[in-house]
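Overview (structure and organization)
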Amino acid sequence: HSLPEQPGDKPSETGEVQRKEVCRWPCRCPPVPACTPGVSLVKDGCGCCKVCAKQAGEPCNEADVCDPHKGLYCDYSEDEPRYETGVCAYLVAVGCELNGVYYTNGQTFQPNRLYKCLCVSGAIGCTPAFTPRLAGSPCTRVSGRKKPGQSICGLGQHKQLQSTNHRLMSAYRSLPLVLKKKCLIQATPWTPCSRTCGIGISSRVTNDNRKCEMKKEKRLCFIQPCLTNMLKKIKIPKGKTCQPTFQLPTAEKLVFSGCSTTQRYKLTFCGVCLDKRCCIPNKSKMITVQFECPNEGFFRWKMMWITSCVCQRICSAPGDIFSQLKLL
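Since the structure is predicted, the reported quantities are computational estimates derived from the model, not experimental observations.

Within the chain, the secondary structure is distributed over two helices and 22 strands. Counting the 328 residues in the chain, one finds 29% classified as buried. In the chain, the proportion of contacts linking residues at least 24 apart, taken out of those at least 6 apart, comes to 44%. Of the roughly 22500 Å² that the chain leaves accessible, carbon and sulfur atoms contribute 53%.

Next up on the list: the side chain of Thr-206. Tracing the backbone shows Thr-206 in strand E15 (residues 199-206). Among the polar contacts listed, one links the side chain of Thr-206 to the backbone nitrogen of Asp-208, at a separation of 3.1 Å. If we skip the residues at most four places from it in the chain, Thr-206 touches Gln-186, Ala-187, Glu-213, Met-214, Lys-215 and Glu-217.

Turning our attention to the state of the cysteines. In the structure shown here, the tally under the stated rule is 12 disulfides. Note on cysteine connectivity: Cys-23 is disulfide-linked to Cys-46, with sulfurs 1.9 Å apart. An S-S torsion of about -85° defines the bridge between Cys-23 and Cys-46 as left-handed. Within this pair, whereas Cys-23 is found in the segment before strand E1 (41-43), its partner Cys-46 is found in the loop between E1 and strand E2 (50-52), the two being separated by 23 residues in sequence. According to the relative accessible area criterion, Cys-46 is buried, its value standing at 14%. Here Cys-242 engages in a disulfide with Cys-273; their sulfurs sit 2.1 Å apart.

The next subject is the pattern of salt bridges. Inspection of the entire model under this criterion finds four salt bridges. Residue Glu-217 pairs with Lys-302 through a salt bridge whose shortest N-O separation is 3.1 Å. On the criterion of sequence distance, the pair formed by Glu-217 in strand E16 (residues 215-222) and Lys-302 in strand E22 (residues 297-312) is long-range, its members being 85 residues apart. Among the residues examined, Glu-217 registers a relative accessible area of 15% and is labelled buried. Here the salt bridges do not stand alone but share partners, grouping Arg-204, Glu-217 and Lys-302 into one network.

Core analysis: the biggest nonpolar cluster contains 20 residues, and Leu-254, Leu-267 and Met-303 have the highest contact counts within it. If one sorts the elements of this core by residue count, strand E21 (residues 278-293) sits on top with four residues. With residues up to four places along the chain from it excluded, the contact list for Leu-254 reads Ile-199, Phe-222, Cys-259, Ser-260, Thr-261, Tyr-265, Leu-267, Phe-291 and Met-303. Ile-223, Cys-270, Cys-273 and Cys-309 belong to the second-largest nonpolar core, a separate cluster that totals 11 residues.

A few words now on unusual backbone geometry. Cis geometry marks the peptide bond from Trp-25 to Pro-26, where omega comes out at 0°. Of note in the backbone geometry, Cys-212 takes a positive phi value of approximately 55° without being a glycine. In this structure, Cys-212 sits in the loop between E15 and E16. Cys-212 gets classed as partly exposed once you look at its relative accessible area, which sits at 30%.

To continue, consider the environment of Leu-267. Looking at the element boundaries, Leu-267 is found in the loop between strand E19 (259-261) and strand E20 (268-273). Exposure remark for Leu-267: the relative accessible area of 7% places this residue in the buried category.

The next subject is the packing of aromatic side chains. The full count for this structure, using the stated rule, is seven aromatic pairs. Each ring, one from Phe-222 and one from Phe-269, has its centre 5.0 Å from the other, and the planes form 75°; the classification is edge-to-face. Here Phe-269 lies in strand E20 and Phe-222 lies in strand E16, a separation of 47 residues in the sequence. Seen in terms of ring centroids, Phe-291 and Phe-299 are 5.1 Å apart; in terms of plane orientation they differ by 10°. Their pairing is stacked. The class for Phe-299 is partly exposed, based on a relative accessible area of 26%. Counting every residue linked through ring pairs, the aromatic cluster contains Phe-256, Phe-291, Phe-299 and Trp-301.

Here the focus is the sheet that holds strand E9 (residues 115-120). Ordered in space as E8-E9-E10, the three strands form an open sheet in which the pairing is antiparallel. Single-partner strands in this sheet number two, and they are strand E8 (108-112) and strand E10 (123-128). In this sheet, adjacent strand axes meet at a mean angle of 35° when their direction is disregarded. With three bridges connecting them, E8 and E9 associate as antiparallel partners. Its bridge partner being in E9, Asn-112 is matched across the sheet by Tyr-115.

Moving on, we come to the confidence of the model for the chain. Close inspection of predicted coordinates is inappropriate in any region flagged by low pLDDT. Taken over all residues, the pLDDT of the chain has a mean of 75, while the share at 70 or more is 73%. pLDDT under 50 marks residues 1-12. Its contacts with residues more than four places away, or in other chains, come to 16 contacts. In the model, residues 155-176 has pLDDT below 50 throughout and makes 35 contacts with residues more than four positions away in sequence or in other chains.

Definitions and cut-offs
- Residues numbered from 1 in each chain as written.
- Predicted model: local features only at pLDDT ≥ 70, side-chain atom pairs only at ≥ 80, totals over all residues.
- Heavy atoms only, no water.
- Helix = DSSP H or I, 4+ residues; strand = E, 2+ residues; numbered from the N terminus.
- Buried < 20%, exposed > 50% of the residue type's maximum accessible area, 1.4 Å probe, protein only.
- Contact = heavy atoms within 4.5 Å.
- Areas by Shrake-Rupley, 256 points an atom, 1.4 Å probe, with all protein chains shown as cover.
- Polar contact = N/O pair within 3.5 Å; in protein donor to acceptor, adjacent residues only side chain to side chain.
- Disulfide = S-S within 2.5 Å.
- Salt bridge = Lys/Arg side-chain N within 4 Å of Asp/Glu carboxyl O.
- Core = buried A, V, L, I, M, F, W, Y, C linked by side-chain atoms within 4.5 Å.
- Phe/Tyr/Trp six-rings, centres within 6.5 Å; stacked < 30°, edge-to-face > 60°.
- Pairing = 2+ DSSP bridges.
- Axes fitted to C-alpha atoms, helices over the stretch in contact; angles between N-to-C directions.
- pLDDT = per-residue confidence, 0-100.

As structure tokens, then:
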């Protein structure tokens, strides 16, 4: 059988509309492209070459695939009856919530000046918002100096260079490496406590489990009790501006979700400062506490037991997912 002269627009003898062949074998691939930050490098729909995935609103077909890591698919509904060329669109899914603000699935937003974020099916992914430093330097070069080619930069130019020369910390920063039953233990730092006073929750991702799988782990945290006037109830030593830690006069039961602990605890809390500094946990250990619920039995939770605190000027809000990110 002979092929149609121009498949794609003309119907075949059977009345069916022919689609253009977008894949060719054997594979002939161009050099692997460098995708912009936030764009996935994937194998094309032909199973041949590495390509930059198409983004929302961009045209797509069998070869030019939509970004699977952003919940995108190729919508061919507007190309009836051929269904040959589509547009990348988001799958219908749940949105995201960050610091009390709700974002719809597929929505991009910038919660701070360093990162642009995207909501995908309830998860938030972020990429740097800065522009990488260019190869050329804006500083002038003077040939008459002792060192040929020595650059002279003003203070403003130095700051401009530094502001565009960032390095990101790895997503999974490891603890001191420990090999446990053929598993190299790794973990992210614990997130800040979800509450500045009262019992809150912090979390991390770790593979410290029987299957050596990366899983989310949660623990209770209790930084400070919710006292009406903390400065009046905490005695700051004479000549000092901060009291890093303090304890309540008596041991008390902890209350969480309407349940109370079976034991009384005399916890160490982080203190307060007369200046703008805040006190955060510096050293802690993990304990397990048991709660008793009226007519509902018992349950256990891991909890951070504070042993010391440090007062510093860098203070982050509870639930700030960017608190651990730094410019180096």
